[in-house]
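The chain contents come next:
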Amino acid sequence: MKRRTFAIAPMMDWTDRHCRFFHRLLTRRALIYTEMITTGAVLFGERTRLLAFDPAEHPVAVQLGGSDPAALARSARICADMGYDEINLNIGCPSDRVQDGRFGACLMAEPILVGDCVAAMKAAVSIPVTVKCRIGIDDQDPEAALDTLTRTVMAAGVDALIVHARKAWLAGLSPKENRDVPPLDYERVYRLKRAYPHLDVVINGGIATLEDALEHLAHVDGVMLGRAAYQEPWRLLAVDREFFGEAPPFASVHAAARALIPHIEREVARGTKLSAITRHVLGLFHAVPGARAFRRHLATAAVKPGAGAEVFAAALALVAETELTQTAAA
Ligand SMILES: Cc1cc2nc3c(=O)[nH]c(=O)nc-3n(C[C@H](O)[C@H](O)[C@H](O)COP(=O)(O)O)c2cc1C
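Figured I'd write up the structure that's included with this text. (Residues numbered from 1 in each chain as written. Predicted model: local features only at pLDDT ≥ 70, side-chain atom pairs only at ≥ 80, totals over all residues. Heavy atoms only, no water.)

1. Brief notes about the packing of helix H6 (residues 111-124) against helix H7 (residues 142-155)
- Look at H6 against H7: their axes get within 8 Å of each other, and the N-to-C directions meet at 25 degrees. Classified by the interaxial angle, the pair formed by H6 and H7 is roughly parallel. The chirality of how H6 crosses H7 is right-handed. Contact with H6, carried on its side by Pro111, Ile112, Val114, Gly115 and Val118, involves Thr148, Leu149, Thr152 and Val153 of H7 and no other residues of that element. (Axes fitted to C-alpha atoms, helices over the stretch in contact; angles between N-to-C directions. Helix = DSSP H or I, 4+ residues; strand = E, 2+ residues; numbered from the N terminus. Parallel < 35°, antiparallel > 145°, perpendicular 65-115°, else oblique. Left-handed = near helix turned anticlockwise from the far one by under 90°. Contact = heavy atoms within 4.5 Å.)

2. Considerations on the nonpolar core
- Of all hydrophobic cores here, the largest spans 113 residues; its most connected members are Phe6, Ile87, Phe285, Phe294 and Phe312.
- Filtering out sequence-adjacent residues up to four positions away, Phe312 remains in contact with Ala257, Leu260, Ile261, Ile264, Thr278, Val281, Phe294 and Leu298. (Core = buried A, V, L, I, M, F, W, Y, C linked by side-chain atoms within 4.5 Å. Buried < 20%, exposed > 50% of the residue type's maximum accessible area, 1.4 Å probe, protein only.)

3. Structural notes on the pattern of salt bridges
- Applying the stated criterion across every chain, the model contains 19 salt bridges.
- Linking Arg279 and Asp16 is a salt bridge whose minimum nitrogen-to-oxygen distance equals 3.5 Å. With a gap of 263 residues between them, Arg279 in the loop between helix H14 (274-278) and helix H15 (291-301) and Asp16 in the loop between strand E1 (6-8) and helix H1 (17-26) connect regions that are remote in the sequence.
- You can call Asp16 buried: its relative accessible area is 15%.
- Of the charged contacts, one joins Asp221 and Lys193 as a salt bridge, the two residues approaching to 2.8 Å between their closest N and O atoms. Taken together, the residues Asp221 in the loop between helix H9 (210-216) and strand E8 (222-225) and Lys193 in helix H8 (residues 186-195) connect sequence positions 28 residues apart. There is no split in this pair, since Asp221 and Lys193 are both buried.
- Look at the salt bridges and you will find they share partners, linking Arg4, Glu86 and Asp200 into a network. (Salt bridge = Lys/Arg side-chain N within 4 Å of Asp/Glu carboxyl O.)

Such coordinate-based values are descriptive only and should not be taken to indicate function.
Structure representation (structure tokens):
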């Protein structure tokens with residue numbers, strides 16, 4: 001089974017290292033992604049803080065934002081030396097800040113430059129280099145635009161293409177609207193896979209459940225879930241069984257949550273605020289007695305100065321423990 005069968009999407013402000021550590025407790029096999037990090041931040045920013053990850057996070061991919069091949073190559077090399085398992089280039093993000101920097105989704109209009117970026121990164125590292133894109137932007141024809149981009153990045157040696165199956169509309173929509181308003185077109189992504197059977201194609205966008213994700217695997221090599229994974233992380237505990245035929249890391253969501261306690265203790269001792277960790281776990285319990293009390297306790301107590309692992313343990317004590325089978329079916 002290939003590594004990219006199931007991935008958790010890169011999400012700014014969400015998939016930080018605490019979130020990734022937590023997700024890794026729920027699935028050993030999902031490929032997880034960092035937030036997008038610009039080449040400027042990698043080369044000139046607080047590199048150690050921005051790129052730090054826990055060895056437990058493997059396999060973990062770093063997502064880069066940039067459009068200068070030399071800067072991307074240097075950034076990719078730094079990330080590979082730090083131990084990341086994959087370098088991903090973001091050409092799907094539509095925010096204004098990103099457009100000003102001439103990277104993100106506007107690069108869908110510059111396939112030759114994207115090819116140069118991929119080629120430069122491939123020459124700099126031996127780990128896989130992948131691209132995350134849209135099916136097109138603005139008035140582009142998704143048939144031609146995605147095809148041209150694909151051929152260009154394949155010629156540059158790309159190891160996989162992750163396609164958010166909708167356009168980005170660069171003028172007039174906020175990044176949030178751009179994740180919901182342009183219609184999804186899964187068929188376009190399936191056609192891409194049929195046209196390039198040797199290319200690893202991962203589909204992303206609007207996949208709400210593991211059942212839906214499994215259906216996509218009849219057409220493409222992998223699925224990437226963003227909001228469903230983040231907002232309903234309890235789903236992740238069934239990933240290893242459903243997608244990889246392996247036992248889940250824990251028999252219950254509750255047990256996985258308890259395994260977060262040593263991480264919390266370590267982090268709080270280093271000065272991390274409890275809420276910086278627990279904000280990622282609020283959706284952990286679903287249709288379980290006490291789920292609301294768990295959320296409420298964390299929302300009020302985890303933000304207090306000096307809050308530590310005991311607050312999280314107390315929140316957990318409010319929730320009934322339910323076996324995986326029941327939780328996954330809920
Ligand atoms: C809060 C948030 C931040 C995001 N940040 C990034 C990002 O840094 N890089 C990126 O490629 N996509 C980013 N995305 C888009 C997701 O990776 C994904 O493509 C999108 O949410 C669609 O997948 P979904 O419907 O499964 O959530 C972000 C999405 C959200 C909700």
